[in-house]
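# Topology and contacts: notes
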Amino acid sequence: EDIITARGLAKSYGKKEVVRPLDFSVKKGEILAIIGPSGAGKSTLMRMLDTIEPASKGELIIFGEPVTKRSMHALRGRMGMLFQKTVLFDRTVAENVELGLSYRNLPKKERMERVSAILESMGLSRFAERGGHSLSGGEGQRISFARVLVTRPEILFLDEPTANLDPVSTQVLEELILHENRVNKTTIIINTHDQAQGQRLADRVAVMIDGAFAQIGPVDEVFYQP
Ligand code: ADP
Ligand code: ADP
């Protein structure tokens, strides 16, 4: 079952087509890694899929619904995005995670319960009352991830999520990513310039070069070595 379908999806800035017309789909529950050098168009594509960035051309269908000005707000509410750069506010970790729910119109009690539950399931409860600014880079990125997961996204976009992390923090975050996929069947699209990370995490890989997919397929086919 396809959860995302793109047909001729493209983006230009001025005269420059930074994402060339792409045709592809993503299945519910799969992990797709988009790998490629800096400037290839990975972030731009991800922002289009998250509906933050309007496409210049083509068609995008998410959860079976065409993305339009009218539908995009509701669709976006079912998706979440984690960025390379961790943004934590000068409040407690629990409050930082609760911010993920600020537009959700949930009673305070339920928000608190969801925050506790997500921190617990990610093994982060001990940080709940710490100040957001007192954490290491790796801890901070895990809290940012908690702030996304607390919204229970059906599609998760990860834009170079470990680019600023040390190897140990990278491994911990990768385990949390796989756990989210296995336990909640969350569909995940991850941008990375790290081919090995794509191999570790993904079911399928798209190699993006100069705005186009040079290859897309199962990990063992794309990385086949004779
Ligand atoms: P990647 O994520 O693969 O590093 P990006 O999607 O960030 O690539 O960028 C692809 C190209 O689009 C780059 O040449 C970049 O400079 C350009 N670009 C990205 N955003 C904008 C923008 N808002 N306006 C103009 N050019 C942009
Ligand atoms: P509501 O529950 O009121 O429909 P949403 O959960 O859709 O609210 O989110 C409200 C605002 O939060 C959106 O207008 C958007 O600016 C931001 N937002 C929510 N999800 C995302 C996302 N996946 N990517 C970027 N911004 C988002």
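Our subject is the structure that appears above.
So, a few notes on the structure that sits alongside this text. Bear in mind that the values here come from a model prediction, so they are computed numbers and not experimental data. (Residues numbered from 1 in each chain as written. Chains lettered and ligands numbered in written order. Predicted model: local features only at pLDDT ≥ 70, side-chain atom pairs only at ≥ 80, totals over all residues. Heavy atoms only, no water.)

## Quick notes on helix α1 (residues 42-49)
- Burial within α1 is extensive, with six of its eight residues counted as buried.
- When α1 is considered as a whole, its buried residues turn out to be K42, T44, L45, M46, M48 and L49.
- Positive phi appears at T51, one or two residues downstream of α1, with a value of about 70°. (Buried < 20%, exposed > 50% of the residue type's maximum accessible area, 1.4 Å probe, protein only. Helix = DSSP H or I, 4+ residues; strand = E, 2+ residues; numbered from the N terminus.)

## Describing the sheet that holds strand β2 (residues 16-27)
- Taken in spatial order, the four strands of this open sheet run β2-β1-β4-β5, and their pairing is antiparallel. Both edges of this open sheet fall to β2 and β5 (65-66), since each of them pairs with a single strand only.
- Relative to β5, strand β4 (residues 57-62) runs antiparallel, the two being bridged by two bridges. Bridging from a neighbouring strand, I62 pairs with E65 of β5.
- Relative to the sheet, α1 contacts β1 (2-13), β2 and β4, its axis offset from that of β1 by approximately 125°. (Pairing = 2+ DSSP bridges. Contact = heavy atoms within 4.5 Å. Axes fitted to C-alpha atoms, helices over the stretch in contact; angles between N-to-C directions.)

## A few points about the packing of aromatic side chains
- All chains considered together, the criterion is met by one aromatic pair.
- Positioned over the ring face of F63 is R78, at 3.8 Å from the centre of the ring. (Phe/Tyr/Trp six-rings, centres within 6.5 Å; stacked < 30°, edge-to-face > 60°. Lys NZ or Arg CZ within 6 Å of the ring centre and 35° of its normal.)

## Brief notes about the side chain of N181
- As for its position among the elements, N181 is in helix α6 (residues 167-184).
- With near-sequence residues (within four places) excluded, N181 lies in contact with G29, E30, I31, T186 and I188.

## Topic: the sheet that holds strand β3 (residues 31-35)
- The sheet built from six strands is open, its strands ordered β6-β7-β8-β3-β9-β10 with mixed pairing. Each end of this open sheet is capped by a strand with a single partner; those strands are β6 (79-82) and β10 (212-218). Ignoring which end each strand starts from, the neighbouring axes of this sheet average 15° apart.
- Across four bridges, the pairing between β6 and strand β7 (residues 155-159) is parallel. The residue of β7 that forms the bridge with M81 is F157.
- Contacts from α1 reach β3, β6, β7, β8 (187-192), β9 (204-209) and β10 within the one sheet, and its direction differs from that of β8 by about 155°.
- On top of the sheet, helix α5 (residues 137-149) reaches β6 and β7; it is set at about 170° to β6, its chief contact.

## A look at the site of ligand 1
- In the region of ligand 1, the neighbouring residues are Y13, K16, V18, P37, S38, G39, A40, G41, K42, S43, T44 and R47.
- Within the contact set of ligand 1, an oxygen atom lies 3.1 Å away from a backbone nitrogen or oxygen of A40.
- Contact between ligand 1 and T44: an oxygen atom at 2.6 Å from a side-chain N or O atom of the residue.
- If ligand 1 stood free it would expose 570 Å²; the protein chains cover 59% of that surface.
- Elements represented by at least two residues in the shell around ligand 1 include exactly β2 and α1. (Near = heavy atom within 4 Å. Polar contact = N/O pair within 3.5 Å; in protein donor to acceptor, adjacent residues only side chain to side chain. Areas by Shrake-Rupley, 256 points an atom, 1.4 Å probe, with all protein chains shown as cover.)

## Description of helix α4 (residues 108-121)
- Taking 1.5 Å per residue, 14 residues should reach 20 Å; α4 reaches 20 Å between its end C-alpha atoms and fits that length.
- Where α4 is concerned, the buried positions are R114, V115, I118 and L119. Taken end-on, α4 shows its buried residues confined to a sector of 130°, consistent with a single buried face. Across α4 from its buried face, at more than 90 degrees, point the exposed residues K109 and E120.
- Here the buried face of α4 lies against α3 (93-98) and α5.
- One or two steps after α4, the chain reaches G123, where phi turns positive at roughly 70°. (Expected span 1.5 Å × (residues − 1). Arc of directions from axis to C-beta.)

## A look at the pattern of salt bridges
- Summed over all chains, the structure comprises 13 salt bridges.
- A salt bridge links E174 to R200, with the shortest nitrogen-to-oxygen separation between them at 2.8 Å. Within this pair, whereas E174 is found in helix α6, its partner R200 is found in helix α7 (residues 195-201), the two being separated by 26 residues in sequence.
- On the basis of relative accessibility, which here comes to 6%, the residue E174 falls in the buried class. (Salt bridge = Lys/Arg side-chain N within 4 Å of Asp/Glu carboxyl O.)

## Structural notes on the site of ligand 2
- All residues in the neighbourhood of ligand 2 are listed as D50, I52, H73, R76, G77, M79, G80, Y103 and R104.
- Note that a nitrogen atom of ligand 2 is positioned 3.0 Å from one of the backbone N or O atoms of M79.
- Within the backbone of Y103, a nitrogen or oxygen atom sits 2.8 Å from an oxygen atom of ligand 2.
- For ligand 2, the accessible surface in isolation is 540 Å², of which the surrounding protein chains cover 63%.
- Secondary structure elements with two or more residues in the shell around ligand 2: α2 (72-76) and β6.
- Residue composition of the shell around ligand 2, by class: three nonpolar, three polar and three charged. (Nonpolar A, V, L, I, M, F, W, Y, C, P; charged D, E, K, R; others polar.)

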